[in-house]
Amino acid sequence: MPPPQPTPQPPFRLDKALADRRALAQAFNELLAAQHTSANPVALAAMVSRAARPRQVLKLLLERMAEYNLAMVQAVIMVLNAASEATALFLLDALREVAYDARRPDTLRLSVVTVLCQREGQSVPDDFIATLYDPPAVALQSLRASLVEVNRTPGGLLEYLSSLSASEAEVQSTLVLMMRQLDDPLVVAPLRALAQDDRATLADAALEALASLHQPSAVIALLSLPPTLPPDRHAVTERTIRKLQMTVAPGQSPPALAAQPDPTSRAFLSLLDGRGSQMLWFALSLAAGSGEYELVSVLLNEKLGIKDAVGGITVPAASLPTPARIGALHRTVVSELSDSAMRRDLSARLREMVAQGEMTEVPAELISVLMEGNEDEGEEPPYLEVSFDYARRLLLAAQAETWSRGDSLPLAYRLFNAPLWRSQPPGPGAALGPELPLPTRLRSQPEIATTARELLASPFFVGWFLETPLLYDEVERMMRMMPRNGRVGPRKQAQIEQAMDEIRDMLVATHYRPEQLEALQTRLTRMAEWLTIAGERQLAARTLGLARTLSIEPPATNPFIILLVQRGIEVAAEALAGGFDLRDDPARFGHVGLTLLGQIML
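Residues numbered from 1 in each chain as written. Predicted model: local features only at pLDDT ≥ 70, side-chain atom pairs only at ≥ 80, totals over all residues. Heavy atoms only, no water.

Student: Any details on the sheet that holds strand 3 (residues 292-301)? Residues and values, ideally.
Tutor: Strand order across the open sheet formed by 6 strands is 4-3-2-1-6-5, with antiparallel pairing between neighbours. The strands lining the two open edges of the sheet, one partner per strand, are strand 4 (305-316) and strand 5 (329-330). Note: strand 1 (residues 266-269) against strand 6 (residues 383-386), 3 bridges, orientation antiparallel. By the bridge assignment, Phe268 is partnered in strand 6 with Glu385. Relative to the sheet, helix 17 (residues 388-404) contacts strand 1, strand 2 (277-285), strand 3, strand 4 and strand 6, its axis offset from that of strand 2 by approximately 130 degrees. The strands touched by helix 22 (residues 514-533) are strand 1, strand 2, strand 5 and strand 6; relative to strand 6, the strand with the most contacts, the crossing angle is about 70 degrees. (Pairing = 2+ DSSP bridges. Helix = DSSP H or I, 4+ residues; strand = E, 2+ residues; numbered from the N terminus. Contact = heavy atoms within 4.5 Å. Axes fitted to C-alpha atoms, helices over the stretch in contact; angles between N-to-C directions.)

Written out as structure tokens, the structure is:
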């Protein structure tokens, strides 16, 4: 980044300049008097862009708003992105003057030079670093200012850590050291997330940094780490915790987690879909008498373990489903919050995750979040109220599944799981689920077919159908047989029905191999557990009966398998007719609820 060079100026008129400055001064005073000024870069950017002399306006902005450097930087970025070439040159020249003006605060100068370097694709020049009064102190102040800014929204810190994960290991290690030196409550959450990283060197550095902080919240963060770490990380973590407990003054009790979860904490479990995915919601009281709850949601998958998480969202207690016994059914937690800011925040996050391919399997109950104006609440799949510890046992099992595949826990889960482990985790000897009923004996194909049709027609199995790229290929081929005028005579109808039979037989033969059948059997067993907790023991017994038929009746003649394929064909045909082709983005295969395609807003 070169030092500032003089730029030709338009003809100067003193009267206009004074009028401009008086008007700007008044506008700045009004802006400064408003609430949340530091979080209002949009207003600042609009003020700069409307001015006749943007260069002078920006300089005045920097003079008056130096203490709000992050909002200023965001405003400048907005202006630069929208400015004409001539205006952008004026702004860049003004910024260079500020960057090299030693009279201004170092933190402001560093923020400005960061914008310039990002704009020009360069690193911070050495000659600039030499002009700073105290570079290490400036770096710490800049880090703290960044953390203040990213913590303004639930997704801000997650985005910050996501960008950090893409940087070089040396950069991440340096940042961990800076967080340790900063010793501020703001660094507790990011350090705890980094301590769960699968890179031992980075995780160890974050663990040591967390243990060295003089923050009460850091102690709880450290104590809550072991349940979220793979077994080979337990020893080093427990040693760190013991060292921390040994520093307690004589006569004082060593820090420890609560023996039991807060009795007001709640958990809700979605239905399991045909691909083994379900959503688990936790609602945790923020403070006694506050009337507010923090929500954490985790997307589970039978084969992949923990897929994603959403958290850091606060809602009033009245927004949650009415308190009820374990096993009660509720409309989805999201639907209960249809008029709240939380729903909008969650909807935006889910849309982003789907668009970017982060979430490749969306449980059926979340379809309502991705829809505009869903008013048919009676059709929404139910949520099951489960005990808090039962829900945490599901998490422990899902974590183990993730690690067994050699995968890392998602960053969002690592960041948002802290509230879930602030009490002692469930013991290893605790039963994972309820005692299941005896399976219904299905002795003949007609009995299997009747049971399969009744279960698949119930709201509990809304997300059960086959969905593969090959299925879409074959359904598309079948749809080409349809006449353009839509009129189907007896002969054409017979051809279409024969094509459907051929597609069904081919998919049954190619898809349902032994490993798929075993997975389907496991999913049916888990659905039986869900139904048992809900008090639907008869349905649970019939579900277990269907699971047993998968080991006895071959796929080609098993009515349950055939119905799953037929249902998949119907869903794919409806999807393609509505212009929604999952083959355009294969990562999205696995979505549930595609019968609502016409209403989904992806």
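Student: Go over helix 24 (residues 559-577) with me, naming the residues and quoting the values.
Tutor: Over its 19 residues, helix 24 runs 27 Å from end to end, which matches the ideal 27 Å to within 8%, given 1.5 Å per residue. For helix 24, the buried fraction is high: 14 of the 19 residues fall into the buried class. A side-chain oxygen of the first residue of helix 24 lies 2.9 Å from the backbone nitrogen of Phe560; this N-cap is Asn558. Backbone geometry just downstream of helix 24 places Gly579 in the positive-phi region, at approximately 80 degrees. (Expected span 1.5 Å × (residues − 1). Buried < 20%, exposed > 50% of the residue type's maximum accessible area, 1.4 Å probe, protein only. Polar contact = N/O pair within 3.5 Å; in protein donor to acceptor, adjacent residues only side chain to side chain.)

Student: Which residues make up a positive patch on the surface, and what values do they have?
Tutor: Taken together, the side chains of Arg180, Arg239, Arg242 and Lys243 define a basic patch exposed on the protein surface. Turning to its location among the elements, Arg180 is positioned in helix 10 (residues 169-182). (Patch = residues over 30% accessible without salt bridge, like charges linked within 9 Å, V, L, I, M, F, W, Y side chains within 5 Å. Areas by Shrake-Rupley, 256 points an atom, 1.4 Å probe, with all protein chains shown as cover. Salt bridge = Lys/Arg side-chain N within 4 Å of Asp/Glu carboxyl O. Lys, Arg positive; Asp, Glu negative; His and termini not counted. Charge placed at Lys NZ, Arg CZ, Asp CG, Glu CD.)

Student: Which residues make up the packing of helix 22 against helix 23 (residues 537-549), and what values go with them?
Tutor: Viewed as axis vectors pointing N to C, helix 22 and helix 23 meet at an angle of 170 degrees, and their least axial separation amounts to 8 Å. Judged on the interaxial angle alone, helix 23 and helix 22 are roughly antiparallel. Across the interface between the two elements, Gln521, Leu524, Thr525, Met527, Ala528, Leu531 and Thr532 from helix 22 touch Arg537, Leu539, Ala540, Thr543, Leu544, Leu546, Ala547 and Arg548 from helix 23. Looking at side-chain class alone, the contact of helix 22 with helix 23 contains 9 nonpolar, 4 polar and 2 charged residues. (Parallel < 35°, antiparallel > 145°, perpendicular 65-115°, else oblique. Nonpolar A, V, L, I, M, F, W, Y, C, P; charged D, E, K, R; others polar.)

Student: So what about the pairing of strand 2? Which residues, and what values?
Tutor: Most of strand 2 is tucked away: 8 of the 9 residues are buried. Where strand 1 meets strand 2, 4 bridges bridge the pair, whose relative direction is antiparallel. Pairing of Phe268 across the sheet is with Trp281, part of strand 2. Relative to strand 3, strand 2 runs antiparallel, the two sharing 9 bridges. Considered in strand 3, the bridge of Ser277 is made with Asn301.

Student: How would you sum up the nonpolar core? Please name residues and give values.
Tutor: Looking at soluble globular proteins, one finds that nonpolar side chains tend to be buried together. Counting 109 residues, the largest nonpolar core has Phe282, Leu395, Trp464 and Phe560 as its most contacted members. The element contributing the most residues to this core is helix 24, with 10 residues. Non-local contacts of Leu395, meaning those with residues more than four positions away in its chain, are made with Leu280, Phe282, Val298, Leu300, Ile306, Tyr413, Leu420 and Trp421. Among the nonpolar cores identified, the runner-up in size contains 16 residues, and Val79, Leu80, Val112 and Phe128 belong to it. (Core = buried A, V, L, I, M, F, W, Y, C linked by side-chain atoms within 4.5 Å.)

Student: Can you tell me about the side chain of Asn558, naming the residues and giving the values?
Tutor: With respect to the secondary-structure elements, Asn558 resides in the loop between helix 23 and helix 24. A residue is classified by how much of its surface remains accessible, and Asn558, at 0% relative accessible area, is buried. Of note is the side chain of Asn558, whose polar atom sits 2.9 Å from the backbone nitrogen of Phe560. Sequence-distant contacts of Asn558, that is, excluding residues within four places in its chain, are made with Ile448, Thr549, Leu550 and Glu553.

Student: Give me the lowdown on the pattern of salt bridges, citing residues and values where you can.
Tutor: Any two side chains of opposite charge can pair, given that their charged atoms come close. With the rule as written, the count across this model stands at 12 salt bridges. Across the salt bridge formed by Arg199 and Asp197, the nearest N and O atoms sit 2.8 Å from each other. On the basis of relative accessibility, which here comes to 8%, the residue Asp197 falls in the buried class. One salt bridge connects Glu474 with Arg477, and the closest N-O pair in it is separated by 2.8 Å. Pair noted here: Glu474 and Arg477 are both in helix 20 (residues 469-479), with a separation of 3 residues, about one helical turn. Residues joined in a network through salt bridges with shared partners are Asp197, Arg199 and Arg414.

Student: Tell me what's going on with helix 21 (residues 490-511), and back it up with residues and numbers.
Tutor: Relative to the 32 Å expected for 22 residues at 1.5 Å per residue, helix 21 spans 31 Å between its end C-alpha atoms, a close match to the ideal helical length. Burial in helix 21 covers these residues: Ile496, Ala499, Ile503, Arg504, Leu507 and Val508. All buried residues of helix 21 project into a common sector of 165 degrees when viewed along the axis, lining one side. For helix 21, the exposed residues set more than 90 degrees away from the buried face come down to Pro490 and Arg491. On its buried face, helix 21 sits against helix 20 and helix 24. (Arc of directions from axis to C-beta.)

Student: Account for the packing of aromatic side chains, naming residues and giving values.
Tutor: A complete count under the given rule lists 3 aromatic pairs for this structure. Measuring from ring centre to ring centre gives 5.4 Å for Phe282 and Phe388, while their planes differ by 80 degrees; the resulting arrangement is edge-to-face. Here Phe388 lies in helix 17 and Phe282 lies in strand 2, a separation of 106 residues in the sequence. With a relative accessible area of 0%, Phe282 lands in the buried category. Lying over the aromatic face of Phe465, Arg275 brings its terminal NZ or CZ to 5.0 Å of the ring centre. (Phe/Tyr/Trp six-rings, centres within 6.5 Å; stacked < 30°, edge-to-face > 60°. Lys NZ or Arg CZ within 6 Å of the ring centre and 35° of its normal.)

Student: Pulling in residues and values, what's your account of the packing of helix 19 (residues 445-457) against helix 24?
Tutor: Contact geometry for helix 19 and helix 24: axes closest at 8 Å, N-to-C directions at 40 degrees. Taken as axis vectors, helix 19 and helix 24 run oblique relative to one another. The handedness of the crossing between helix 19 and helix 24 is right-handed. Every residue of helix 24 that contacts helix 19 at Gln445, Ile448, Ala449, Ala452, Arg453 and Leu456 is listed here: Pro559, Phe560, Leu563, Leu564 and Arg567. For the contact of helix 19 with helix 24, a count of residues per class yields 8 nonpolar, 1 polar and 2 charged. (Left-handed = near helix turned anticlockwise from the far one by under 90°.)

Student: Could you give an account of the side chain of Gln215, naming the residues involved and the relevant values?
Tutor: Along the chain, the position of Gln215 falls in the loop between helix 12 (200-212) and helix 13 (216-223). Among the polar contacts listed, one links the side chain of Gln215 to the backbone oxygen of Asp183, at a separation of 2.9 Å. When sequence neighbours within four positions are dropped, the list of residues in contact with Gln215 reads Asp183, Asp184, Pro185 and Val188.

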